Amino acid sequence: MNIQITIDGKPLTVPEGLPIRKAAFKNGIYIPGICGHPYLPSAREVKWSQQVYRGGEVIVGDYQNETAGDEGSCNLCLVAIEGVEDLVRACSTKASDGLIVRTTGVDIVKARQSALAKILAHHPHACLTCAQREGCSLTQCSSNVPEDQRCCILLNRCELGKVVDFIGLPDGTPKYLHEGFPKITDDFFFDRDYNLCIGCLRCVRICRDVRGVDALAATWKDGRIWVGTSKPGSLPESDCRFCGACVEVCPTGALLDKPDSKPVHPGDLAPCVAACPAGIDIPAYIRHVAVGDYKGALEVIHNHVPFAGILGYVCFHPCETECKRNTLGSSAAICALKRFVYETVPRDEIPTTQITDSTGKKVSIIGAGPAGLSAAFYLRRKGHEVDVYDSSQEPGGMLRFAIPEYRLPQTVLDDELTTLTDLGIEFKTGMTLTQDFNIADLLNDGSNAVLVTIGASLSRKLGIPGEDLGNVIQTLDLLREIREGRKRDLTGKVVVIGGGNVAIDAAMSARRLGAENVTMVCLEQRAEMPAHGWEIDQALAEGIEILPGWGPVEFTGENGNVKYLLFQRCLKVFDDQGRFNPVFDGSDTKSIAADYAIIAIGQSVGNTGLKTGPNGLIDIDQSSFETDIKGVFAAGDAVSGPASVVEAVAKGRSAADSIDKFLGGDGVSVSYQADDLRDDPFLGNVSEFDTGKREIRLLPIAERIKGFDVIEQSLQENEARILAAQCLRCNLRATISPVILPPDKWLPLTTENVAQIPSAEGVYQLANQAKKVTKIVGTTDVRAALESEIDSHEAGTLFSWEEERMYSKRESELIQLYLQEYGEMPGGGGNDDLDDLF
């Protein structure tokens with residue numbers, strides 16, 4: 001039920017029972033407070049722990065299992081209510097009909113300042129009154145404030161500092177003395193400095209009451225609050241889940257993210273999602289797996305990509321590289337869990353893809369690789385007729401003919417392709433662009449748009465002597481032969497030239513075809529190799545030798561077949577601008593005997609009839625994917641050069657979005673759906689939350705080199721649930737409501753803003769747009785003085801002001817005499833301290 005209340009003379013309609021502070025916030029009225037937070041329950045509901053731990057210290061409290069009560073309140077939100085003698089807390093006093101509230105006044109300011117003085121007695125505050133604090137580096141101090149008494153790196157960004165600015169630093173605030181409490185910097189992800197803790201209890205409440213972890217605790221001792229871990233040791237020993245929520249709600253620098261910890265602030269994406277080319281909602285599907293909802297997990301994946309199985313097998317998972325959990329030993333099992341979901345959910349339980357009403361428009365796609373297949377799926381789903389052309393006899397492109405069976409089983413590819421045929425997408429195979437048809441034919445034959453996704457399917461040549469000798473094999477030819485069942489015997493010594501993922505697959509395939517000795521030779525040093533580290537590790541484990549830093553010079557042969565390969569030392573692969581421009585030492589050479597040589601130095605794009613750039617790639621408008629021919633689009637490797645499967649799938653989706661809009665549609669929308677499981681803030685206490693490295697089960701080496709069986713083994717259900725539960729759920733931090741900060745004290749120096757200021761004694765400051773103070777003036781009439789400043793300063797100048805009685809000339813003289821003798825004002829130096837002098 002809504003009721004009528006009044007705050008500062010402003011009539012408001014608010015829900016009955018809403019705390020006054022929340023009612024004020026909802027109506028643009030700021031009431032300060034530091035113990036409250038929009039995401040948290042009341043501070044007074046916290047129970048004191050018997051003891052807390054701060055590294056090696058133990059703090060034994062005065063109370064045991066008692067509720068915090070008034071001790072847990074900051075008392076900075078005090079307001080006056082008409083008819084009530086004492087000031088009340090706005091955070092806990094609930095609105096009732098007819099309530100009249102006042103949030104300003106001398107009595108309120110003094111009461112808030114008194115409460116603030118108690119907080120600042122145990123927190124550095126010297127920098128808060130410094131006229132040079134804006135832009136201060138904190139490394140040098142013109143006022144000679146000792147380093148351990150200065151504010152932390154959050155100066156000018158600190159929530160407490162902003163609240164102090166709003167309330168005003170109270171006269172008589174005791175000087176802060178560093179107490180030498182522990183500063184713990186060896187934890188994962190964040191640092192703790194107990195010298196900066198003000199006992200607001202936010203961290204304890206979010207850890208205990210919201211997350212349900214209970215890694216942090218508080219106790220009351222010697223008239224103040226002490227916060228620490230709930231168990232001896234550090235955060236891991238207290239079963240911390242490392243979600244970062246405590247850091248997000250901390251109003252000071254007591255809890256700070258480490259610089260490289262990848263914090264997920266409100267509005268941010270989790271690092272895994274930000275790194276995923278397809279933007280898959282990884283936290284959501286992992287959470288569904290953790291609770292056993294595998295169908296729900298698959299639906300999340302399918303909301304972003306059509307090929308959960310293919311990507312579950314072959315995605316190079318940049319998400320895992322960026323996963324925060326790597327700090328604890330290893331990433332979450334993101335890719336393996338995607339594959340688990342695909343393999344676990346029965347096909348008849350997968351919801352049928354819904355197609356919108358027919359648009360009467362037709363799109364022809366040239367190339368049935370991952371980019372073309374992805375685009376076909378999304379365009380068909382939007383109601384367009386879709387034909388897919390490919391030069392091979394079966395669709396799949398590089399998925400079918402370049403990725404070995406031990407990485408992607410053909411049965412998985414065929415199963416995923418049935419989704420497309422079931423949608424009515426027609427595949428026209430065995431048709432090669434520029435040989436069997438051209439783009440103009442398609443446009444003239446009823447296609448309203450054409451998408452070229454032919455990939456980069458031509459092997460690059462070295463262009464060195466002897467390259468045409470027998471037993472010199474191009475990698476794509478070899479991999480295609482294997483996939484088509486034409487497996488040749490590679491006995492003896494095999495040398496693979498190249499350092500990328502395709503070169504790794506060539507080397508591992510050669511091992512499986514009988515080669516006793518396989519050596520990879522590449523220009524790059526080991527750390528520079530473009531192949532993924534985990535693929536390099538697999539190759540090394542299979543006995544494949546890698547010789548980094550060598551470039552091929554020539555092949556020499558015997559009886560028409562290759563016999564030796566000559567290499568020269570490569571000193572540098574890229575120039576100072578990052579361009580491929582290798583530098584060699586021709587005097588340092590190496591000759592390697594070989595029965596076979598496999599060239600794997602990259603791929604190029606075949607003829608399309610479209611405009612290309614100097615790199616041979618198709619030229620497109622990067623925002624629309626359209627080529628120089630209206631209605632003709634291009635995407636995938638033919639545009640970007642060789643890329644990963646997930647990148648191709650993502651580009652295909654983006655191209656489909658542009659094509660649908662070109663055809664009059666509203667585009668392909670892939671949004672993050674509301675998900676109660678993903679966003680559930682509760683984590684729970686998990687004893688000994690695993691911080692170890694996860695084990696990836698691989699087929700034994702002796703067994704896998706005998707054939708092309710899949711190397712990485714599937715997860716069992718119990719494994720999948722355990723691995724999913726190890727996710728840090730760092731995305732939850734982004735859901736924490738941001739704290740409401742005081743109004744910015746800096747206002748643009750305009751006639752309108754200055755007119756709001758009273759004609760009173762006080763001090764004003766001027767600053768530039770970076771809020772660096774350029775002028776400080778005390779005056780008997782702040783408004784008049786600021787009005788005189790307007791015309792002489794450029795647009796963008798900011799000002800702030802404080803109403804304060806000016807010292808008389810005689811008072812100023814006495815203050816100077818006192819400072820010369822004693823060095824500082826008694827009690828902190830405010831006007832109220834003049835009684836100590838006069």
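Residues numbered from 1 in each chain as written. Predicted model: local features only at pLDDT ≥ 70, side-chain atom pairs only at ≥ 80, totals over all residues. Heavy atoms only, no water.

A. Up close: unusual backbone geometry. Of note in this structure, Asp8 is not a glycine but carries a positive phi near 50 degrees. Its location among the elements puts Asp8 in the loop between strand S1 (2-7) and strand S2 (10-15). (Helix = DSSP H or I, 4+ residues; strand = E, 2+ residues; numbered from the N terminus.)

B. Representation of the pairing of strand S25 (residues 596-599) within the structure. Residue alternation in S25 divides its side chains into two sets, Tyr596 and Ile598 and Ala597 and Ile599, and both sets are buried. Pairing of strand S18 (residues 472-474) with S25 involves three bridges; the strand directions are parallel. For Gln474, the partnering residue across the bridge sits in S25 and is Ile599. Pairing of strand S19 (residues 493-497) with S25, which is carried by four bridges, proceeds in the parallel orientation. Across the sheet, the residue bridging to Val496 is Ile598, located in S25. (Buried < 20%, exposed > 50% of the residue type's maximum accessible area, 1.4 Å probe, protein only. Pairing = 2+ DSSP bridges.)

C. Structural detail: the packing of helix H17 (residues 501-512) against helix H18 (residues 533-541). As a packed pair, H17 and H18 sit with axes 10 Å apart at the nearest point and diverge in direction by 20 degrees. By the angle between their directions, the pair H17 and H18 is classed as roughly parallel. When the axes of H17 and H18 are compared, the crossing they make is left-handed. Every residue of H18 that contacts H17 at Asn501, Ile504, Asp505 and Met508 is listed here: Glu535, Ile536, Gln538 and Ala539. Among the residues forming the contact of H17 with H18, the class breakdown is four nonpolar, two polar and two charged. (Axes fitted to C-alpha atoms, helices over the stretch in contact; angles between N-to-C directions. Parallel < 35°, antiparallel > 145°, perpendicular 65-115°, else oblique. Left-handed = near helix turned anticlockwise from the far one by under 90°. Contact = heavy atoms within 4.5 Å. Nonpolar A, V, L, I, M, F, W, Y, C, P; charged D, E, K, R; others polar.)

D. View of the pairing of strand S5 (residues 78-81). Burial along S5 is two-sided: the face carrying Leu78 and Ala80 and the face carrying Val79 and Ile81 are both buried. Note: S5 against strand S6 (residues 88-89), two bridges, orientation antiparallel. The residue bridging Leu78 from the neighbouring strand is Arg89, located in S6. Adjacent in sequence and paired antiparallel, S5 and S6 are bridged by six residues, among which Gly83 carries a positive phi angle near 95 degrees. Pairing between S5 and strand S7 (residues 100-102): two bridges, direction antiparallel. Following the sheet pairing, Ala80 is matched in S7 by Arg102.

E. The arrangement of the pattern of salt bridges in detail. Scanning the entire structure with this criterion turns up 36 salt bridges. A salt bridge links Arg202 to Glu159; the nearest nitrogen and oxygen atoms lie 2.7 Å apart. Residue Arg202 is located in helix H4 (residues 202-210), and its partner Glu159 is located in helix H3 (residues 159-167); the two are separated by 43 residues in the primary sequence. When sorted by exposure, Arg202 lands in the same class as Glu159, which is buried. Between Glu484 and Arg480 there is a salt bridge; the shortest N-O distance is 3.1 Å. (Salt bridge = Lys/Arg side-chain N within 4 Å of Asp/Glu carboxyl O.)

F. Geometry of the packing of aromatic side chains. One pass over the structure, following the stated rule, counts 13 aromatic pairs. Relative to Phe708, the ring of Tyr406 lies with its centre 6.1 Å away and its plane at 20 degrees, an arrangement referred to as stacked. In this pair, Tyr406 sits in the loop between helix H13 (398-401) and helix H14 (410-422) while Phe708 sits in the loop between helix H22 (701-704) and helix H23 (717-725), placing the two residues 302 residues apart along the sequence. Between the NZ or CZ atom of Arg480 and the centre of the ring of Phe401, over which it lies, the distance is 3.9 Å. (Phe/Tyr/Trp six-rings, centres within 6.5 Å; stacked < 30°, edge-to-face > 60°. Lys NZ or Arg CZ within 6 Å of the ring centre and 35° of its normal.)

G. Region of interest: the nonpolar core. If you look at the biggest cluster of nonpolar residues, it comprises 100 residues, and the most contacted ones within it are Ile282, Tyr285, Ile286, Val289, Leu337, Ile365 and Val452. Those residues in contact with Ile282 that lie beyond four places of it in its chain are Cys272, Val273, Cys276, Cys319 and Ile334. By size, the runner-up hydrophobic cluster in this structure holds 62 residues, among which are Leu138, Cys152, Cys158 and Cys197. (Core = buried A, V, L, I, M, F, W, Y, C linked by side-chain atoms within 4.5 Å.)

H. Local environment of helix H11 (residues 334-344). Among the 11 residues in H11, nine count as buried, and that is most of the element. Residues of H11 that are buried include every one of Ile334, Cys335, Ala336, Leu337, Lys338, Arg339, Phe340, Val341 and Tyr342, and no others.

I. Spatial organisation of the sheet that holds strand S13 (residues 362-366). Taken together, the five strands give an open sheet; going across it, the order is S15-S14-S13-S16-S27, and neighbouring strands pair in parallel fashion. Strand pairing shows two members of the sheet lacking a second neighbour, strand S15 (426-429) and strand S27 (632-634), which therefore form its edges. Neighbour-to-neighbour, the strand axes of the sheet open up by a mean angle of 20 degrees, direction not taken into account. Two strands pair when backbone bridges link them, and strand S14 (residues 385-390) and S15 are joined in this way by four bridges, in the parallel orientation. By the bridge assignment for S15, Asp390 is matched with Thr429.

J. Inspection of H3 at higher detail. Inspection of H3 places Glu159, Leu160, Gly161, Val163, Val164 and Ile167 among the buried residues, and these make up the whole buried set. Buried-residue contacts for H3 involve helix H2 (106-120) and H4. Positive phi shows up at Gly168, right after H3, with a value of about 100 degrees.

K. Molecular detail of the environment of Glu647. By secondary structure assignment, the location of Glu647 is in helix H20 (residues 645-662). A residue is classified by how much of its surface remains accessible, and Glu647, at 30% relative accessible area, is partly exposed. Taking the C-alpha atoms as reference points, Glu647 and Pro370, separated by 277 residues in sequence, lie 9.0 Å from one another. Contacts of Glu647, omitting those with residues within four sequence positions, involve Pro277 and Phe316.

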